[in-house]
Amino acid sequence: MAIKGWIEVDELHCKGCGLCVAACPQNVMSLDMERLTPKGYHPVHLHADGCTGCGICAIVCPDAALTVFREAKIKA
Ligand code: SF4
Ligand code: SF4
């Protein structure tokens, strides 16, 4: 059973501090240097597959800007 996770970023609250990037054990997060939030920060995003939905990023975010989802795929 492979577990797939993903995140949603509230760009009204993300301030691009990078704490979640440093905390992600899968190293799949980074700041999106191509985009700016409404407040002018580079928002975090997933730059690769491999998110497990562990939730660590959401726990460390001081601005509660992340929501984590996790999907369990069961092989037939
Ligand atoms: S999601 Fe939270 S911890 Fe991550 S860069 Fe944005 S404000 Fe910082
Ligand atoms: S849920 Fe876990 S693996 Fe996925 S981006 Fe957040 S810290 Fe990384």
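Being a predicted model, the structure only gives us computed values, none of them experimental. (Residues numbered from 1 in each chain as written. Chains lettered and ligands numbered in written order. Predicted model: local features only at pLDDT ≥ 70, side-chain atom pairs only at ≥ 80, totals over all residues.)

A word on unusual backbone geometry
- The phi torsion at asparagine 27 lies on the positive side, around 55°, for a residue other than glycine.
- Looking at where asparagine 27 falls in the secondary structure, it is placed in the loop between helix 1 (19-23) and strand 2 (29-31).
- One non-glycine residue, alanine 64, lies in the positive phi region at around 50°.
- You can see alanine 64 is positioned in the loop between helix 2 (56-60) and strand 4 (66-73). (Helix = DSSP H or I, 4+ residues; strand = E, 2+ residues; numbered from the N terminus.)

A short note on the nonpolar core
- By size, the foremost hydrophobic cluster in this structure holds 12 residues: Ile7, Val9, Cys14, Cys20, Cys24, Met29, Val44, Cys51, Cys57, Cys61, Ala65 and Leu66.
- With residues near it in sequence (within four places) discarded, methionine 29 still touches Cys20, Val21, Cys24, Val44, Leu46 and Cys57. (Core = buried A, V, L, I, M, F, W, Y, C linked by C-beta atoms within 7 Å. Buried ≥ 20, exposed ≤ 12 C-beta atoms within 10 Å, placed from the backbone. Contact = placed C-beta atoms within 7 Å.)

Remarks on the site of ligand 1
- Around ligand 1 lies a shell of 13 residues, among which Cys14, Cys17, Leu19, Cys20 and Cys61 are the nearest.
- A breakdown of the residues in the shell around ligand 1 according to their chemical character gives 9 nonpolar, 2 polar and 2 charged. (Near = placed C-beta within 6 Å. Nonpolar A, V, L, I, M, F, W, Y, C, P; charged D, E, K, R; others polar.)

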